[in-house]
Amino acid sequence: MELSSELQNLNPTIYECTEERTLQESDLNNDVSDNIDRREVFDLIRTINDPEHPLTLEELHVVDLEGVTIDNEANTVQVQFRPTIPHCSMATLIGLSIRAKLIYTLPTRYKVGVNIYEGAHIQEVQINKQLNDKERVTAALENKHLCAVVNRCIATPDD
């Protein structure tokens with residue numbers, strides 16, 4: 001994957017962010033066992049930084065709550081995202097960042113799937129195949145340069 005220094009989407013539309021979720025006392029109690037919900041997963045990925053712009057994936061409307069599906073009985077999390085332009089060369093990196101953030105933060109029992117919304121990218125089939133190939137993802141995250149880029153994307157201001 002070649003990372004271009006040239007911006008492809010020079011003037012992206014910036015969207016309003018979702019209100020912060022009010023945490024309940026039970027959310028902070030590690031002794032309480034509860035299922036993960038869509039909003040919790042969305043909160044994990046909404047603050048991922050876009051690799052091209054100093055904005056989050058939520059601000060660019062790349063991810064939204066409707067794109068998150070969870071099946072707690074089957075232990076699966078599925079995220080769909082939409083690149084800002086249909087020929088975005090950063091789509092694979094964005095998907096890899098979403099996948100890495102979820103792999104690093106969710107309990108290991110969850111199987112994570114990441115896909116581009118149907119019709120949102122000219123190479124969605126190929127990119128979806130790469131993003132859901134466990135060996136390719138592992139190899140990508142073992143690449144020092146690529147891992148550093150992904151870590152910059154998933155870093156939070158607290159890191």
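Residues numbered from 1 in each chain as written. Predicted model: local features only at pLDDT ≥ 70, side-chain atom pairs only at ≥ 80, totals over all residues. Heavy atoms only, no water.

1. So, the overall build of the protein
Piece 1. A tally of helices and strands in the protein yields 5 helices and 3 strands.
Piece 2. Reading the helices (α) and strands (β) of the protein from amino to carboxyl end gives α-β-β-α-β-α-α-α.
Piece 3. By the burial criterion, 42% of the 159 residues in the protein qualify as buried.
Piece 4. Long-range contacts, defined here as pairs at least 24 residues apart, represent 66% of the contacts in the protein between residues at least 6 apart.
Piece 5. Summed over all atoms, the accessible surface of the protein reaches about 9800 Å², with 47% contributed by carbon and sulfur. (Helix = DSSP H or I, 4+ residues; strand = E, 2+ residues; numbered from the N terminus. Buried < 20%, exposed > 50% of the residue type's maximum accessible area, 1.4 Å probe, protein only. Contact = heavy atoms within 4.5 Å. Areas by Shrake-Rupley, 256 points an atom, 1.4 Å probe, with all protein chains shown as cover.)

2. A closer look at the pattern of salt bridges
Piece 1. The full count for this structure, using the stated rule, is 5 salt bridges.
Piece 2. We note a salt bridge from Asp43 to Arg46, for which the minimum N-O separation is 3.3 Å.
Piece 3. The exposure class assigned to Asp43 is partly exposed, which follows from its relative accessible area of 22%.
Piece 4. By relative accessible area, Arg46 is classed as buried at 4%.
Piece 5. Among the ionic pairs, Arg82 bridges to Asp64, the shortest N-O distance being 3.1 Å. Placement of the pair is Arg82 in the loop between strand S2 (76–81) and helix H2 (91–105) and Asp64 in the loop between helix H1 (38–45) and strand S1 (68–71), with a sequence separation of 18 residues.
Piece 6. One continuous salt-bridge network, built from bridges that share partners, spans Arg39, Asp43, Arg46 and Glu58. (Salt bridge = Lys/Arg side-chain N within 4 Å of Asp/Glu carboxyl O.)

3. With respect to the packing of H2 against helix H5 (residues 144–154)
Piece 1. Put simply, H2 and H5 touch, their axes get as near as 9 Å, and they point 75° apart. Considering their axes alone, H2 and H5 lie roughly perpendicular with respect to each other. Contacts between H2 and H5 involve Leu93, Leu96, Ser97, Ala100, Lys101 and Tyr104 on the former and, on the latter, Leu146, Val149, Val150, Asn151, Cys153 and Ile154. (Axes fitted to C-alpha atoms, helices over the stretch in contact; angles between N-to-C directions. Parallel < 35°, antiparallel > 145°, perpendicular 65-115°, else oblique.)

4. Remarks on H2
Piece 1. Here H2 contains 15 residues, and its C-alpha end-to-end distance of 21 Å stays within 8% of the 21 Å for a straight helix at 1.5 Å per residue.
Piece 2. A large share of H2 lies buried, amounting to 12 of its 15 residues.
Piece 3. Within H2, the full set of buried residues consists of Ala91, Thr92, Leu93, Ile94, Gly95, Leu96, Ser97, Ile98, Arg99, Ala100, Lys101 and Leu102.
Piece 4. The inward-facing, buried residues of H2 abut H1, S2, strand S3 (111–116), helix H3 (124–131), helix H4 (134–142) and H5. (Expected span 1.5 Å × (residues − 1).)

5. A short note on the environment of Gly67
Piece 1. Residue placement: Gly67 occurs in the loop between H1 and S1.
Piece 2. Residue classification places Gly67 among the buried residues on the basis of a relative accessible area of 2%.
Piece 3. Sequence spacing of Gly67 and Arg82 is 15 residues, and the spatial spacing of their C-alpha atoms is 9.2 Å.
Piece 4. Those residues in contact with Gly67 that sit more than four places away from it in its chain are Gln78, Val79, Gln80 and Tyr117.

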